[in-house]
Amino acid sequence: MAQNSRGSQSHRPSRGNNNRGRNNSRKRRNNAGSRNDQKTAQQPRKPALPEVHAVTYSDGITVGELAKKINKTASDVIKVLFMEGKMVTINSPLDDDMVDIVCLAYDIEPTKVQPREEDSLEDEEPDDPSTLQPRPPIVTIMGHVDHGKTTLLDTIRSTKVASGEAGGITQAIGAYQVAVNGHKITFLDTPGHEAFTAMRARGAKVTDIAVIVVAADDGVMPQTEEAIDHAKAANVPIIVAVNKMDKPEANPDRVMSEMADHGVMPEEWGGDTIFVRTSAKKGTGINDLLETILTVADVQELKANPNRLAQGTVIEAKLDKGRGPVATLLVQNGTLHYGDPVVVGSCLGKVRRMTEEDGHELKKAGPSSPVEVIGLNDVPEAGDMFRAYEDEKEARAVADRRKRRKIEQARRKTSAMSLEDLSKEIEAGEIKEVPVIIKADVQGSAEAVKSALEKLYVKGVKINVIHSTAGAISESDIMLADASKAMIIGFNVRPDANIRKKAEEAGVEIRLHNIIYKVTEEMENAMKGMLEPVYTEVILGQAEIRQIYKISKVGTVGGCMVTDGKLVSHCKVRLIREGIVVYDGVLGSLKRFKDDAREVLSGFECGITIENYNDLKVGDIVEAYGEQEVKEES
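Residues numbered from 1 in each chain as written. Predicted model: local features only at pLDDT ≥ 70, side-chain atom pairs only at ≥ 80, totals over all residues. Heavy atoms only, no water.

## Here we look at the nonpolar core
Where we set the bar: Nonpolar core, defined: a set of buried Ala, Val, Leu, Ile, Met, Phe, Trp, Tyr and Cys residues in which side-chain atoms within 4.5 Å join the residues together. Whether a residue is buried, partly exposed or exposed follows from its accessible area with a 1.4 Å probe, protein chains only, as a fraction of its type maximum: under 20%, in between, or over 50%, in that order. Think of it this way: any DSSP run of H or I at least four residues long counts as a helix, any run of E at least two long counts as a strand, and we number them from the N terminus.
Judged by nonpolar contacts, the single largest core of 25 residues is most densely connected at Ile 185, Phe 187, Val 211, Ile 239, Leu 289 and Ile 293. Among the elements of the structure, strand 4 (138-143), helix 6 (149-157), strand 5 (174-180), strand 6 (183-189), strand 7 (209-215), strand 8 (238-243) and helix 10 (286-300) are those that each provide at least two residues to this core. Here this core takes seven residues from helix 10, the largest share from any one element.

## Structural notes on the environment of Lys 244
The following threshold applies: Any two residues having at least one pair of non-hydrogen atoms within 4.5 Å are treated as being in contact.
Here Lys 244 is to be found in the loop between strand 8 and helix 9 (252-261). Residue class for Lys 244 comes out buried when judged on its relative accessible area of 18%. C-alpha separation for the pair Lys 244 and Arg 277, spaced 33 residues apart in sequence, amounts to 8.4 Å. Once residues within four sequence positions are removed from consideration, Lys 244 is found in contact with Asp 146, His 147, Gly 148, Ala 215, Ala 216, Asp 217, Ala 250, Thr 278 and Ser 279.

## Concerning the sheet that holds strand 17 (residues 370-376)
So the rule is basically this: For two strands to be treated as a pair, DSSP must find no fewer than two bridges joining them. Lines fitted to C-alpha atoms define the axes here, with helix axes fitted over just the stretch in contact, and angles between the N-to-C directions of these axes take values from 0 to 180 degrees.
Taken in spatial order, the six strands close into a barrel running 11-12-17-15-14-18, and their pairing is antiparallel. Each strand of the sheet is rotated relative to its neighbour by a mean of 45 degrees, with strand direction disregarded. With five bridges joining them, strand 12 (residues 324-333) and strand 17 adopt antiparallel strand pairing. Within the sheet, the bridge partner assigned to Thr 328 lies in strand 17 and is Glu 372.

## What about the packing of helix 14 (residues 475-484) against helix 15 (residues 497-506)?
Here is the rule we go by: Under this scheme an angle from 65 to 115 degrees is roughly perpendicular, one under 35 degrees roughly parallel, and one over 145 degrees roughly antiparallel; angles in between are oblique. Left-handed describes a crossing in which the near helix is turned anticlockwise from the far one by less than a right angle; the clockwise case is right-handed. Residue polarity is assigned by list, with Asp, Glu, Lys and Arg as charged and Ala, Val, Leu, Ile, Met, Phe, Trp, Tyr, Cys and Pro as nonpolar; anything else, Gly included, falls into the polar class.
In contact at an axis separation of 10 Å, helix 14 and helix 15 are set at 15 degrees when each is read in the N-to-C sense. What the angle tells us is that helix 14 and helix 15 run roughly parallel. Relative to helix 15, helix 14 is oriented so that their crossing is right-handed. Contacts between helix 14 and helix 15 involve Glu 475, Ile 478 and Asp 482 on the former and, on the latter, Ile 499, Lys 502, Ala 503 and Ala 506. Across the contact of helix 14 with helix 15, the residue classes break down as four nonpolar, no polar and three charged.

## Some remarks on the confidence of the model for the protein
Detailed reading of the predicted coordinates is not advisable wherever pLDDT falls low. Heads up, the condition is: Each residue carries a pLDDT score, the predictor's confidence in it, ranging from 0 to 100.
Confidence along the protein averages 79 in pLDDT terms, with 79% of residues attaining 70 or more. Within the protein, the element-level pLDDT minimum falls on helix 1 (residues 2-11), averaging 43, and the maximum on strand 13 (residues 336-337), averaging 94. Note on residues 192-196: pLDDT is under 50 here. Beyond four places in sequence and across chains, it has 19 contacts.

## A look at the pattern of salt bridges
As a reminder of what qualifies: We define a salt bridge as a side-chain nitrogen of Lys or Arg found within 4 Å of a carboxyl oxygen belonging to Asp or Glu.
Under the definition given, this model contains 23 salt bridges. Two residues, Asp 217 and Lys 247, come together in a salt bridge whose shortest N-O distance is 3.4 Å. On the criterion of sequence distance, the pair formed by Asp 217 in the loop between strand 7 and helix 8 (222-233) and Lys 247 in the loop between strand 8 and helix 9 is long-range, its members being 30 residues apart. Among the residues examined, Asp 217 registers a relative accessible area of 22% and is labelled partly exposed. The exposure class of Lys 247 is partly exposed, given its relative accessible area of 32%. As a salt-bridge pair, Glu 392 and Arg 396 come within 3.7 Å of each other at their nearest N and O atoms. With Glu 392 and Arg 396 both in helix 11 (residues 392-411) and four residues apart, the pair spans about one turn of that helix. Through salt bridges with shared partners, one network takes in Arg 494, Arg 500, Asp 564, Arg 574, Asp 584 and Glu 623.

## A look at the packing of helix 6 against helix 10
Relative to each other, helix 6 and helix 10 sit at 90 degrees, their axes nearing to 11 Å. The orientation of helix 6 with respect to helix 10, classified from their angle, is roughly perpendicular. Of helix 10, the residues touching helix 6 (which contributes Leu 152, Thr 155 and Ile 156) are Ile 286, Leu 289 and Leu 290. Of the residues in the contact of helix 6 with helix 10, the class split is five nonpolar, one polar and no charged.

## Quick notes on the environment of Gln 542
Along the chain, Gln 542 turns up in strand 24 (residues 535-551). The exposure class of Gln 542 is buried, given its relative accessible area of 2%. Separated by 22 residues in the primary sequence, Gln 542 and Asp 564 have C-alpha atoms spaced 5.1 Å apart. With sequence-adjacent residues up to four places away left out, Gln 542 is seen in contact with Pro 495, Asp 496, Ala 497, Arg 500, Met 561, Val 562, Thr 563, Asp 564, Ile 576, Ile 621, Val 622 and Glu 623.

Below, the structure written as structure tokens:
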């Protein structure tokens, strides 16, 4: 028992031992604490960041990114901007003024740089000089509206482009190649109206020589000055065509004097600019102009490498109902082949069909060649770069990355508003917006209309273009307009009866035009509350051409079915092909069987001719319209 008792005692922990264990534990903790204190004391303090005296930045830099570059915190940057009335967050993109404000506060010199674009479609390295071969010059015809640019080009091409254009005004960039004495010259015909400044600038970017047309009876005008600026900015040689020399009031000396005032000094006055006197209507001076172009081109020694993949620029683009996206490309280097995978801006495609301006199909197109290409997955923007690739997979990857980057850039656009702007809006009262959807026959025209409308501002009212693209007015456009309470402006496009009916049901207003300044005049008057038209257009009806007959001494007769409303004898008509207006004229004759008819109603067949027009095709829509007087409201 005693043994058991002692044994059990031997296993029982003593109170004294337990206290010693607690004391040891406390000691260990105290020692560890003192070691940590020593360690903390021994750690060196974080050195102050060095001062920055200069910084480089690019578009879209955010508050956080700038703070990191100048060795400051994001809150420091936000505070500086807040004191200047700018409200931003750490992820807000900054414009140049905001960057300047921050850098000035910290005595830093900012320098803006253009970052090298990933997946750039431009040439990164110059071609080996041994691979270069002479190429045709690319010539841009520029100048003021109605100074005879297109007529001059017509005379060179022996065609009649000008007569087919609304109001005699060029509405899009045309690209043509002509042969002169065995040498090719590529011409770009840019619009002269001020609304097309952006399009004209694109023409100057891709050109080798600028021909500025100035009417001898009119002199230097506002768009002439713009053309000079674009040519100088592009650093290209200028040739001045003093046109309309056949007019009795022509004064070429006045033109030379005015051009000299704008820094374009004539050769005969000791300058370096050649002035050529021409008359586009009479055809005089045209050969001199062409020889001058070839001489200037020889001096420039224009060369390119045709034995490589093509690279160039989009001159024009549109959505064709039957063919899909169609782009006019100017090959600037290399050779574009049928079947080549291409990246155009952020669009992807394969060259399915390639044609010249006259419709002749090509299998390949060398440097300085303008070609119309079918096979893209979307409509690119005029002015976009394009590049051909060997591998379709690589092209797809590049297009996908470029598309994603384009979407990100759109999202990164600054939305910061200064307190000054805010107070101005409060003082002016609520700003009213006029939402607008623009549909045009080609992308360039859509951009031009958008640019012209966005410049309009009447006190308290401004235009907000929510959608702008090429193509016929569609059902989805009506739905978008209905949802956003927008007006649709159609430029050189016409809605069919079904679309018009849906627009009426939805209460969507469609305004149709074919001359740019008529759009801006109408919208400006409407914004001022002064729109009081004396006459308004009335659509009488539409008919579909289902058969074509060629009759000698009569011309082309269209066998039609009136699908909506009625056709009236000798009324005004538009010929619409795939939603685009191709001709505007007068109904020549209207017959039921062999008899003349005064009118033919919906659901009946008839035969029609259109005065001075024979290019009728099956599927064309003939829209009859008239005008009716609108009484002024008292």
